[in-house]
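Given next are the chains, with one letter for each unit.
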Amino acid sequence: MKKLLILLTVLVVAGSAEAKIRVGLKGGLNFASFPKSNVYVFDNRTGWHIGGMMNIGLPLFGLAVQPEFMYSSKGADGASSGYVEIPVDLQWGFKLPLLRPYLSLTPYMSYAVNSNMPMTDINKWDGGIGVGAGIDIWKLQLSIKYFWGFGKVTDLLGSPSPQNRNLMLSLGIFL
């Protein structure tokens, strides 16, 4: 066990010495909704997101980690909220001469900072997972992701309580 930990530590240290770090800005559209049920019915909502990103390219197997700090509007018409969000994009891709296509898995945490519902009526913390794909072309990054929120939005709308669902189309630029 000790040998395995030492080997992993050496690989991480060696890999971080060759890691390529890029910083940039990102924004785009959200297509958000709550799942439908017989208890609540809301229309889908188109919103937006904007924020910063830092892409850390690792020399291991085409991996990259991309933590982000975003403002994102989610929810549905009638029950929408704005969230400060911290997604951590785990990317696997391969480098071609002018571009890098990748697949991603993205756990996230978010905190509601505004809402068209009273803030005392909503659960402010949310978290979930996203899956997606993207492509880096020179200093640009195009991506599409679908997110499943695990937390209840509110307890007022009955059971089962709605959870955030969100399709994000993003354009990023590395500085």
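This text follows the structure it describes.
In what follows, the accompanying structure is described. From a predicted model like this one, the values you see are computed outputs, not experimental measurements. (Residues numbered from 1 in each chain as written. Predicted model: local features only at pLDDT ≥ 70, side-chain atom pairs only at ≥ 80, totals over all residues. Heavy atoms only, no water.)

1. Considering the overall build of the protein
Item 1. Within the protein, the secondary structure is distributed over 1 helix and 8 strands.
Item 2. Beginning at the N terminus, the succession of helices and strands in the protein can be written as α-β-β-β-β-β-β-β-β.
Item 3. By residue count, 39% of the 175 residues in the protein fall in the buried class.
Item 4. Carbon and sulfur atoms provide 73% of the accessible area of the protein, an area that totals close to 9700 Å². (Helix = DSSP H or I, 4+ residues; strand = E, 2+ residues; numbered from the N terminus. Buried < 20%, exposed > 50% of the residue type's maximum accessible area, 1.4 Å probe, protein only. Areas by Shrake-Rupley, 256 points an atom, 1.4 Å probe, with all protein chains shown as cover.)

2. Thoughts on the environment of F147
Item 1. Looking at the secondary structure, you find F147 in strand 7 (residues 140-149).
Item 2. Taking the relative accessible area as the measure of exposure, F147 reaches 4% and is therefore buried.
Item 3. Note: C-alpha distance between F147 and Y108 (39 residues apart in sequence) is 8.9 Å.
Item 4. F147 has contacts with T106, Y108, I129, G130, N164, R165, N166 and M168, leaving out every residue within four places of it along the chain. (Contact = heavy atoms within 4.5 Å.)

3. Looking at the layout of surface pockets
Item 1. If you add up the space inside the largest pocket, you get close to 390 Å³.
Item 2. Taken together, 21 residues form the lining of the largest pocket, with K20, R22, K95, R100 and D136 sitting closest to its centre.
Item 3. Put simply, the parts of the chain that give the lining of the largest pocket at least two residues each are strand 1 (20-33), strand 2 (45-57), strand 3 (63-76), strand 5 (99-115) and strand 6 (125-137).
Item 4. Looking at the lining of the largest pocket residue by residue, the class counts come to 11 nonpolar, 4 polar and 6 charged. (1 Å grid on protein atoms, 1.4 Å probe; cavity = no way out; pocket = protein on both sides within 12 Å on 5 of 7 lines; lining within 4 Å. Points joined across faces, edges and corners; volume = space filled by probe spheres on them. Nonpolar A, V, L, I, M, F, W, Y, C, P; charged D, E, K, R; others polar.)

4. What to know about the packing of aromatic side chains
Item 1. According to the stated counting rule, one finds 4 aromatic pairs in the structure shown.
Item 2. Where Y146 meets W148, the ring centres are 4.8 Å apart and the plane angle is 75 degrees; that geometry is what we call edge-to-face.
Item 3. Overall, the relative accessible area of 30% leaves Y146 in the partly exposed class.
Item 4. Stacked on the ring of F174, the Lys or Arg R22 has its end atom at 3.8 Å from the ring centre. (Phe/Tyr/Trp six-rings, centres within 6.5 Å; stacked < 30°, edge-to-face > 60°. Lys NZ or Arg CZ within 6 Å of the ring centre and 35° of its normal.)

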